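Chain by chain, the residues run as shown.
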Amino acid sequence: MTETAPLGPTVLGYPRIGPKRELKRAVESYWAGKSDLDALRHAAAELRRTTWTELSEAGLGSVPGNTFSYYDQVLDAALTVGAVPDRFAELNLRDEDLLFAMARGTEGVPAMELTKFFDTNYHYLVPELGPDTNFELFDRKPVREYLEAVGVGVQTRPVLLGPVTFLLLAKARAGAPDGFVPLDLLDPLLEVYGQLLGELGAAGAQWVQLDEPAFAADRTEEELAALDRAYRYLGQLTERPRLLVAGYFGNIGPALPVLAAGPVEAIALDLVTNQSDLDAAAGLPQLRDKTLVAGVVDGRNIWRTDTDTALARAATLLGVAGRVEIGTSCSLLHVPYDVTVETGLDPDVARRLAFAKQKVAEVVSLSRALREGRTDGTESYTKPGRTAADDRTSARLERLGTDHYRRGTAQQRIAAQQERLRLGPIPTTTIGSFPQNSQIRADRAAHHAGTLDDAEYERRMRAEIERVVRLQEEIGLDVLVHGEAERNDMVQYFAEHLDGFATTDLGWVQSYGSRCVRPPILYGEVSRPEPITVAWSTFAQGLTDRPMKAMLTGPVTILAWSFVRDDQPLGVTARQVGLALRDEVHDLEAAGLRIIQVDEPALRELLPLREADRPAYLDWSIDAFRLVTGGVADSTQIHTHLCYSEFGAVVDAIDALDADVTTVEAARSKMEVLDDLGNAVKRGLGPGVYDVHSPDVPEAGEISDLLRAAVKSVPRERLWANPDCGLKTRGEREVVAALRNLVAAAKAVR
Ligand code: GLN
Ligand code: ZN
């Protein structure tokens, strides 16, 4: 190793989609065949160049490199080490085309599986490994981009997904022998990482960052031993850059002493989520030879950093580590680019916000303050405390007391609902949304922009609702929906109608590939100034004698898909949202709606990474849901919808929600979900029998086979027939055909 400069202030990663989603446009245009590879590469290089120069000019001591990705950094890592599943290797594609085929699939070749990255809303592609996987340095992207940055005058610190986290995120490929686990491949993988480090060192890289967020979750002794082995191996290599190992998304607990005892030069800690690593570090004398990156600037949320708190945390480490640098708690990938471009925000809210660009400036100024001591107060920021408004909610909660949940026993409810709804066995329904064509989207956008007035907008939406209602009657569905034409997004729509939320114009964050979301910002006390959905649902119910199902998004999902205030426990915020929705449920019921669905697709997503934190989470999330639904009469039927099909740790929680009917995804897994759920959920259950992720129209025969399989675990009085999820992204024609088959299949099985 050559003499190397210290790291200096740094961030663990940066957004890459482009401040105006330039990357999204470039890749989608390439996918559509509207532009060529040169144009795509040019756009990508331009984004990388501006990121490097901006970060370097902002005064970071070390600029992260290799943070660009066309689609996903886990996919990039798989390509780097040559983990290309056979079905793609056989296609004879190269470079970007191979990458996109793995990400999106091509004719007859299914894409790799997409799943959530830890507890974020980012999704990664799951590497598929088997005992026969032959790692090799296949794609030298990290080296290429390092040299490219040198070419524009910036020294970067290439960021790599750490080898152990790579294996822990991977799954055994289909057909791999029983007992094989990806971690079995650690040694051959380390060789390739070693070779890559050697090439990066030879190219001139002084530091490399290896991300090991997997250690923010509970890990076995064996997995900790793998971490130890990995960094001992990489550390003893002679021709290599210095190593910064980054743990994030929480404390890394037992992984910290392992890394401290190993030969790496620096460790990055997330000091935002949890302070336990801070305490543990004090007891580790080996850290005196190392650099600690104090992740005191929140990489996942959008609030400005409280200067005193951040400096106090970083300062605690001064006596512990050889050197302390200021950093972010994780990559800034999870926040939008720049808050100063937002012109529509209330200045009182805007003043409290920091997006990626502002966070970089915070890191630099905190670093200066830590080194030099703060000389003037102009750069410091103190977070405002909770406001008096918060107490209004607490007071209301107190008045409600513990009996906010007033529903009768299952038998009482079944009897009351049967009497009022008169549904036969295996009723048919849908999950809420109907296909949204470009006219609906254009009308909504025009109304939002003010070019379509309220009256005309309402007329058009009502016409669409009426069309959808007539269609459902004609198809023969039992429980109807209004179709959700007025909703842009199931969370954003409610955020726009509740007090305490702000929305942005350009606050895009990558969700997966080219798909970006604009999470609303929950900044204050949440309340409902006036009814939100009641007029639409009442209008829809007025069109038909069949029961109309009203549609709400639940409190946990609203929190999960928003940026949420961090000055009070999440559970308190969840209760505020719950109370606001409780008012809506009450008004819907008073308006005569007999069925109300509260969607909670994010219930499992928000589950804490560490087991020890889960019971408390489940407590408050179930409580918030029951706060929403617990005030209705026994004769009002509460539905909930959960998108996925693997319930694991939340099976009991689902039962505890105590909904009268729960609908879940099940078609693709051929009702496998019922093994888990059939017994756990004691009330109505609607396992999806139409896979809405595919444009294929299922035959009535296929659907009735699924229903027949379902009656084996769920008595027919409790069974519902419905699609897996909302129909919003599907085409009208396929949906109509599929729903006709669904109705026919339910009839046959009855
Ligand atoms: N009611 C919503 C819809 O049908 C539910 C969407 C979801 O579960 N993600 O679109
Ligand atoms: Zn769904």
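Whatever comes next refers back to the structure up there.
Q: How should the coordination of the zinc ion (ligand 2) be read in this particular structure?
A: Ideal geometry at a metal centre gives angles of 109.5 degrees when four donors are arranged tetrahedrally and 90 or 180 degrees when six donors are arranged octahedrally. Protein-derived ligands of the zinc ion (ligand 2) are His641 (NE2), Cys643 (SG) and Cys725 (SG), with the metal-ligand distances lying across 2.0 to 2.2 Å. Metal-centred angles of 82 to 123° between the four donor atoms at the zinc ion (ligand 2) mark the site as irregular. Of note, the donors binding the zinc ion (ligand 2) are all from one chain and are spaced H-x1-C-x81-C. Remark: Cys725 occurs in the loop between helix 26 (700-711) and helix 27 (732-749) and Cys643 occurs in the loop between strand 19 (637-642) and helix 24 (651-657); sequence separation between them is 82 residues. When its relative accessible area of 25% is taken as the criterion, Cys643 is described as partly exposed.

Q: How do you make sense of the site of ligand 1 when you look at a structure like this?
A: With respect to spatial proximity, the complete set of residues near ligand 1 consists of Ile431, Gly432, Ser433, Glu484, Met490, Met551, Asp599, Pro601, His641, Cys643, Cys725 and Gly726. In this structure, Ser433 approaches ligand 1 through a side-chain N or O atom, which is 2.7 Å from an oxygen atom. Between ligand 1 and Glu484, the relevant distance is 2.9 Å, taken from a nitrogen atom to a side-chain nitrogen or oxygen of the residue. Residue composition of the shell around ligand 1, by class: six nonpolar, four polar and two charged.

Q: Which parts of the structure should I look at to understand the pattern of salt bridges?
A: Should their charged atoms come close, side chains of opposite charge can pair. Evaluation of the coordinates by the stated rule reveals 51 salt bridges. The shortest N-O distance in the salt bridge between Arg750 and Asp478 comes to 3.1 Å. Of this pair, Arg750 sits in the segment after helix 27 while Asp478 sits in the loop between helix 18 (454-475) and helix 19 (492-497), and the two are 272 residues apart along the sequence. Among the residues examined, Arg750 registers a relative accessible area of 38% and is labelled partly exposed. On the accessibility criterion, Asp478 (23% relative accessible area) is partly exposed. In this structure, Glu611 and Arg614 form a salt bridge, with 4.0 Å as the shortest nitrogen-oxygen distance. Several salt bridges converge on common partners, so that one network encompasses Arg407, Arg413, Asp655, Asp658, Asp660, Lys682 and Arg683.

Q: Looking at this structure, how should I read the packing of aromatic side chains?
A: The description of an aromatic ring pair uses the distance of the two centres, along with the angle that the planes make with each other. Considering all chains together, one arrives at 15 aromatic pairs under this definition. Where Trp31 meets Tyr71, the ring centres are 6.2 Å apart and the plane angle is 45°; that geometry is what we call tilted. Of the two residues, Trp31 is situated in helix 1 (residues 22-31) and Tyr71 in the loop between strand 1 (63-65) and helix 3 (73-80); the sequence distance between them amounts to 40 residues. With a relative accessible area of 7%, Tyr71 lands in the buried category. Geometrically, the ring pair formed by Phe118 and Phe249 is tilted, given 5.8 Å between the ring centres and 50° between the ring planes. Here the residue Phe118 occupies a position in the loop between strand 2 (114-116) and strand 3 (123-125), and Phe249 occupies one in the loop between strand 8 (242-246) and helix 10 (255-261), the gap between them amounting to 131 residues. Aromatic ring contacts, followed pair by pair, group Tyr30, Trp31, Phe68, Tyr70, Tyr71 and Phe100 into a single cluster. Directly above the ring of Phe68 sits Arg48, whose terminal nitrogen or CZ lies 4.8 Å from the centroid. In this arrangement the basic side chain of Arg104 is found over the ring face of Trp31, its NZ or CZ atom lying 3.6 Å from the centre.

Q: Help me understand the sheet that holds strand 8 in this model?
A: Here we have seven strands laid out as an open sheet, ordered 1-5-7-8-9-10-11, and parallel in their pairing. Each edge of the open sheet carries a strand with a single partner, namely strand 1 and strand 11 (323-328). Each adjacent strand pair in this sheet contributes to an overall mean axis angle of 30°, direction not counted. Pairing between strand 7 (residues 207-211) and strand 8: five bridges, direction parallel. Residue pairing across strands places Leu210 opposite Val245, the latter belonging to strand 8. Strands in contact with helix 14 (residues 356-372) are strand 10 (291-297) and strand 11; relative to strand 11, the strand with the most contacts, it is inclined by about 160°.

Q: For this particular structure, what's the right way to read the environment of Asp454?
A: Tracing the sequence through the fold places Asp454 in helix 18. Polar side-chain contacts of Asp454 include one of 2.8 Å to the side chain of His447.

Q: Would you explain the pairing of strand 18 (residues 595-599) in this entry?
A: Successive side chains on a regular strand alternate, one facing one side of the sheet and the next facing the other. Summarising burial for strand 18: five of the five residues are buried, a large majority. Side chains Ile595, Gln597 and Asp599 of strand 18 all project onto a buried face; the interleaved residues Ile596 and Val598 project onto the opposite face, where all are buried too. Bridge count between strand 16 (residues 549-553) and strand 18: five bridges; the pairing is parallel. Looking at strand 18, one finds that Leu552 is bridged to Val598. Regarding the hand of the β-α-β motif, the stretch spanning strand 18, helix 23 (residues 614-629) and strand 19 is right-handed.

What counts, and at which threshold
- Residues numbered from 1 in each chain as written.
- Chains lettered and ligands numbered in written order.
- Predicted model: local features only at pLDDT ≥ 70, side-chain atom pairs only at ≥ 80, totals over all residues.
- Heavy atoms only, no water.
- Donors = N, O, S within 2.8 Å, 3.2 Å for Na, K, Ca; no water.
- Tetrahedral: all angles 85-135°; square planar, octahedral: opposite > 155°, others 65-115°.
- Helix = DSSP H or I, 4+ residues; strand = E, 2+ residues; numbered from the N terminus.
- Buried < 20%, exposed > 50% of the residue type's maximum accessible area, 1.4 Å probe, protein only.
- Near = heavy atom within 4 Å.
- Polar contact = N/O pair within 3.5 Å; in protein donor to acceptor, adjacent residues only side chain to side chain.
- Nonpolar A, V, L, I, M, F, W, Y, C, P; charged D, E, K, R; others polar.
- Salt bridge = Lys/Arg side-chain N within 4 Å of Asp/Glu carboxyl O.
- Phe/Tyr/Trp six-rings, centres within 6.5 Å; stacked < 30°, edge-to-face > 60°.
- Lys NZ or Arg CZ within 6 Å of the ring centre and 35° of its normal.
- Pairing = 2+ DSSP bridges.
- Axes fitted to C-alpha atoms, helices over the stretch in contact; angles between N-to-C directions.
- Contact = heavy atoms within 4.5 Å.
- Right-handed = clockwise from strand over helix to strand, strands pointing away.

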